Amino acid sequence: MLTDQDLTRELTLAFEEATRAITPAPGLSAAVYRRHRSARRRATALRLALPVAAAAGAGGVLIAGQHHASAPDAQHATTHTKRTVQPAVTAVNYVLTVPRHATSFKCLSDQNAPTSGDAWVVTLGRRDCLAIVVRMHVALPSHAQPVNLAGVPGLYQTVGTPHGVRTIYSRNPDGHSWSALSVAAGTPDAKLADFYSPSH
Amino acid sequence: MRLDDLGREFDEFVRSASTRLLRVAYLLTGDYGHAEDLLQTALLRTARRWHKARAQPEAYARRVLTNLAKDRWRDRSRRPVEVGRLLEPGHDSSSGQVLLRHTLLPAVLQLPIRQRAVLVLRYFEDLSVDETAAALGCSAGTVKSQTHHALARLRDLLGEDTLHTEEADHAH
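Parameters at a glance
- Along each chain, residue indices are assigned from 1 in the same order as the chain's sequence is written.
- Written order decides the labels, with chains lettered from A and ligands numbered from 1.
- Totals for whole chains, interfaces and linings use all residues, but because this is a predicted model, local features are given only for residues with pLDDT of at least 70 and pairs of side-chain atoms are given and counted only at 80 or more.
- Strands here mean DSSP runs of E at least two residues long; helices mean DSSP runs of H or I at least four residues long; both are numbered from the N terminus.
- The contact criterion used here is simple: two residues whose C-beta atoms, placed from the backbone, lie within 7 Å are in contact.
- Residue burial here comes from a neighbour count, namely the number of other C-beta atoms, placed from the backbone, that lie within 10 Å of the residue's own C-beta, with 20 or more meaning buried, 12 or fewer meaning exposed, and in between meaning partly exposed.
- Paired strands are those between which DSSP finds at least two bridges.
- Helix axes are fitted only over the stretch in contact, all axes being lines through C-alpha atoms; the angle between N-to-C directions runs from 0 to 180 degrees.
- The sense of a crossing depends on the near helix, which, turned anticlockwise from the far helix by less than a right angle, makes the crossing left-handed and, turned clockwise, makes it right-handed.
- Charged means Asp, Glu, Lys or Arg here, nonpolar means Ala, Val, Leu, Ile, Met, Phe, Trp, Tyr, Cys or Pro, and polar covers whatever is left, Gly included.
- Here the angle decides the label: under 35 degrees means roughly parallel, over 145 means roughly antiparallel, 65 to 115 means roughly perpendicular, and every other value means oblique.
- Multiplying 1.5 Å by the helix residue count minus one yields the expected span of that helix.
- What makes a nonpolar core is a set of buried Ala, Val, Leu, Ile, Met, Phe, Trp, Tyr and Cys residues, with links drawn between C-beta atoms within 7 Å.

Undergrad: Account for the overall build of chain A, naming residues and giving values.
TA: Of the regular secondary structure elements, chain A holds 4 helices and 12 strands. For chain A, the proportion of contacts with a sequence separation of at least 24, taken over those separated by at least 6, is 57%.

Given below as structure tokens:
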């Protein structure tokens, strides 16, 4: 009977023999770079752009196949993973990723964002709720000011003083229409920046 | 850090480590195509976390690689079918050694991925128990027990005939 030492020695020899001719294809770094670039393109295309038709026509939005009629009805989603929704009509210049995570109507208690229309309640982490409203293909208001959300350039915002609502506008790839994301005015930039991915 | 900005440092790492890592991936998957894919993904993830990985990029990439192999193994509903292609024994081997080595790798591929990874890291990469534990994200005790179980399972899979043939060859 072979001892463990004999067996492991044979294993080493077998491993070395089996892999002797194995070498990476030339240009491996280039292939990695290529994959990186294509992954970024794919992510851009697949990430959430709120579907205009679903949002406008059904009075709600589709999250990974589930229908949320409006924010108050979006109760107790159970998964903690990020879900994405493909754009229904066109890709957008900035796409939004919304975590579908244990949303609860109670999250709204200390938020000021409007909850009617195309509103979503999202949870960014444990007990970290955020109410958002998204409108697609809107015009950029003339009083909107440029804003730089933690390194996300090319966005504009308006802050409505009566209701304390901050609306951020990102341009769609068609080059003329805009998407609007409304949140409570006090929402930190860092939370919002995570929603945006530039389209290339 | 953007991948494009990594430049020469990352290229050098890829040049120096990729052959070894590809061989590890090959032994973990039993298939060259999957191994290459795994390696590219591991390198990509290493590059994306270069600020963390740069101190020990090979160890980082190896850990990513083994995790990817574990994920892939879990996802697969079938065993690899390429096992027969794994070993091309050398002509200078005696018949018993040929038989043993010819059957060793297919047998290794029948082990659960964790046991397989332990054998590959310890007896191909020549890592210590502690280094293997770090690569697999488990304790040293787990590595020892997995090694023990893996060798015992290998003996079962190889059968007494193969092992005794090898023993006889050593005797001559």
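Following the structure, the description resumes.
Undergrad: Quick one: what's the story with the overall build of chain B, residue by residue and with numbers?
TA: The helix and strand inventory of chain B stands at 8 helices and 0 strands. Taken from the N to the C terminus, the helices and strands of chain B come in the order α-α-α-α-α-α-α-α. Across the 172 residues that make up chain B, the buried fraction comes to 40%. For chain B, the share of sequence-separated contacts (at least 6 apart) that also reach a separation of at least 24 residues comes to 61%.

Undergrad: Describe the pairing of strand β10 (residues 165-171) of chain A, naming the residues involved and giving the relevant values.
TA: Residues and elements named next belong to chain A. For β10, the buried fraction is high: 5 of the 7 residues fall into the buried class. Strand direction decides the pairing type here: strand β9 (residues 152-160) and β10, joined by 5 bridges, are antiparallel. Paired with Gly 160 across the two strands is Val 165, which belongs to β10. Relative to strand β11 (residues 178-184), β10 is paired through 7 bridges, and the arrangement is antiparallel.

Undergrad: Can you lay out the packing of helix α1 (residues 8-29) of chain B against helix α6 (residues 113-123) of chain B for me, pointing to particular residues and giving the numbers?
TA: Residue and element names in this part refer to chain B. At a minimum axis distance of 9 Å, the contact between α1 and α6 shows a crossing angle of 145°. The chirality of how α1 crosses α6 is right-handed. Along its contact with α1, which presents Val 24, Leu 27 and Leu 28, the element α6 presents Arg 116, Ala 117 and Val 120. A breakdown of the residues in the contact of α1 with α6 according to their chemical character gives 5 nonpolar, no polar and 1 charged.

Undergrad: Any details on the packing of α1(B) against helix α2 (residues 32-48) of chain B? Residues and values, ideally.
TA: All names here are of chain B. Taken N-terminus to C-terminus, the directions of α1 and α2 make an angle of 140°; their axes are 8 Å apart at the nearest point. The angle between the axes of α1 and α2 places the two elements in the oblique class. Note that α1 runs across α2; the crossing there is right-handed. Residues Phe 10, Val 14, Ser 18, Leu 21, Leu 22, Ala 25, Tyr 26 and Thr 29 of α1 form the contact with α2, whose own contacting residues are Tyr 32, His 34, Ala 35, Glu 36, Leu 38, Leu 39, Ala 42, Leu 43 and Ala 47. For the contact of α1 with α2, a count of residues per class yields 13 nonpolar, 3 polar and 1 charged.

Undergrad: Pulling in residues and values, what's your account of unusual backbone geometry?
TA: Residue and element names in this part refer to chain B. The phi torsion at Asp 126 lies on the positive side, around 60°, for a residue other than glycine. Inspection of the secondary structure puts Asp 126 in the loop between α6 and α7 (129-136). When the 10 C-beta atoms within 10 Å are taken as the criterion, Asp 126 is described as exposed.

Undergrad: Give a description of the interface of chain B and chain A that names residues and reports values.
TA: Interface size, as often reported, equals the accessible area lost upon joining of the parts. Of the residues lining the interface, 33 residues belong to chain B; the matching set on chain A comes to 25 residues. Here the side of chain B that touches chain A takes 8 residues from α1(B), the largest share from any one element.

Undergrad: Give me the lowdown on α1(B), citing residues and values where you can.
TA: Its 22 residues give α1(B) an end-to-end C-alpha distance of 30 Å, which sits within 8% of 32 Å, the value for a rise of 1.5 Å per residue. After α1(B) finishes, the residue B:Gly30 shows a positive phi value of roughly 80°.

Undergrad: Please provide a residue-by-residue account of the nonpolar core, values included.
TA: Within the largest apolar cluster, 52 residues are counted, with the highest numbers of intra-cluster contacts made by B:Ala25, B:Leu39, B:Ala42, B:Leu65 and B:Val120. In terms of residue count, α1(B) provides more of this core than any other element does, 10 residues in total. Formed by 15 residues, the second largest nonpolar core is a distinct cluster that contains A:Val133, A:Leu149, A:Ala180 and A:Val183.

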